[in-house]
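# Architecture at a glance
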Amino acid sequence: MGEPPATVTPCEDGPLLIRGHFELLTQEGEPIDPGSATVALCRCGRSSTKPFCDGSHKSVDFRAPSEPDPPAVP
């Protein structure tokens with residue numbers, strides 16, 4: 001049986017967790033070694049190990065929900 005498909009889980013006030021079979025690439029298409037089968041990707045923009053999360057979101061008081069924003073009402 002094949003590998004499980006990738007899932008992306010936005011953590012409240014934290015990173016995006018990627019699990020399953022995935023490939024990380026630079027914008028030029030070069031592979032990025034994820035280092036493990038599950039990775040946390042930065043969404044606060046403050047990590048010193050981008051694209052990976054280093055926990056900086058905690059010290060900068062980053063806030064973001066886990067669920068998507070509701071659609072805008074015209």
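Refer to the structure above for everything that follows.
### Re the state of the cysteines
Under the counting rule described, the total for this entry stands at 0 disulfides. Between Cys 53, a free cysteine, and Cys 42, which holds the nearest cysteine sulfur, the sulfur-to-sulfur gap is 6.1 Å.

### A few points about the side chain of His 57
Take His 57: it is sitting in helix H1 (residues 56–59). What makes His 57 buried here is its relative accessible area of 12%. If near-sequence neighbours (up to four positions away) are discounted, His 57 is found in contact with Asp 13, Gly 14, Pro 15, Cys 44 and Phe 62.

### Describing the nonpolar core
Ranked by size, the top nonpolar core spans 6 residues in total: Ile 18, Phe 22, Leu 24, Val 39, Leu 41 and Phe 52. When neighbours within four sequence positions are excluded, Val 39 is seen to be in contact with Leu 16, Leu 17, Ile 18, Phe 22, Pro 34 and Phe 52.

### Observations concerning the environment of Phe 62
Relative to the helices and strands, Phe 62 is located in the segment after H1. It is 9.5 Å that separates the C-alpha atoms of Phe 62 and Glu 12, two residues lying 50 residues apart in sequence. Here Phe 62 is in contact with Asp 13, Gly 14, Arg 43, Cys 44 and His 57, once residues within four sequence places are set aside.

### Here we look at the environment of Ser 59
Along the chain, Ser 59 turns up in helix H1. Separated by 22 residues in the primary sequence, Ser 59 and Ala 37 have C-alpha atoms spaced 26 Å apart.

### Notes on the pattern of salt bridges
Counted by the stated rule, this structure contains 2 salt bridges. With a closest N to O distance of 3.3 Å, Asp 13 and Arg 63 form a salt bridge. Of the two residues, Asp 13 sits in the loop between strand S1 (7–10) and strand S2 (16–19) while Arg 63 sits in the segment after H1, which places them 50 residues apart along the sequence. Under the relative-accessibility criterion, Arg 63 is labelled exposed at 57%. Linked by salt bridges that have partners in common, Asp 13, Asp 61 and Arg 63 make up one network.

### Description of the sheet that holds S1
Taken together, 3 strands build an open sheet; the order of strands is S1-S2-S5 and the sheet is antiparallel. The strands lining the two open edges of the sheet, one partner per strand, are S1 and strand S5 (38–41). Sheet twist, expressed as the mean angle between neighbouring strand axes with direction ignored, is 20°. In this structure, S1 lies alongside S2, joined through 4 bridges in antiparallel fashion. Looking at the pairing, Thr 9 lines up with Leu 17 of S2.

The rules behind the values
- Residues numbered from 1 in each chain as written.
- Predicted model: local features only at pLDDT ≥ 70, side-chain atom pairs only at ≥ 80, totals over all residues.
- Heavy atoms only, no water.
- Disulfide = S-S within 2.5 Å.
- Helix = DSSP H or I, 4+ residues; strand = E, 2+ residues; numbered from the N terminus.
- Buried < 20%, exposed > 50% of the residue type's maximum accessible area, 1.4 Å probe, protein only.
- Contact = heavy atoms within 4.5 Å.
- Core = buried A, V, L, I, M, F, W, Y, C linked by side-chain atoms within 4.5 Å.
- Salt bridge = Lys/Arg side-chain N within 4 Å of Asp/Glu carboxyl O.
- Pairing = 2+ DSSP bridges.
- Axes fitted to C-alpha atoms, helices over the stretch in contact; angles between N-to-C directions.

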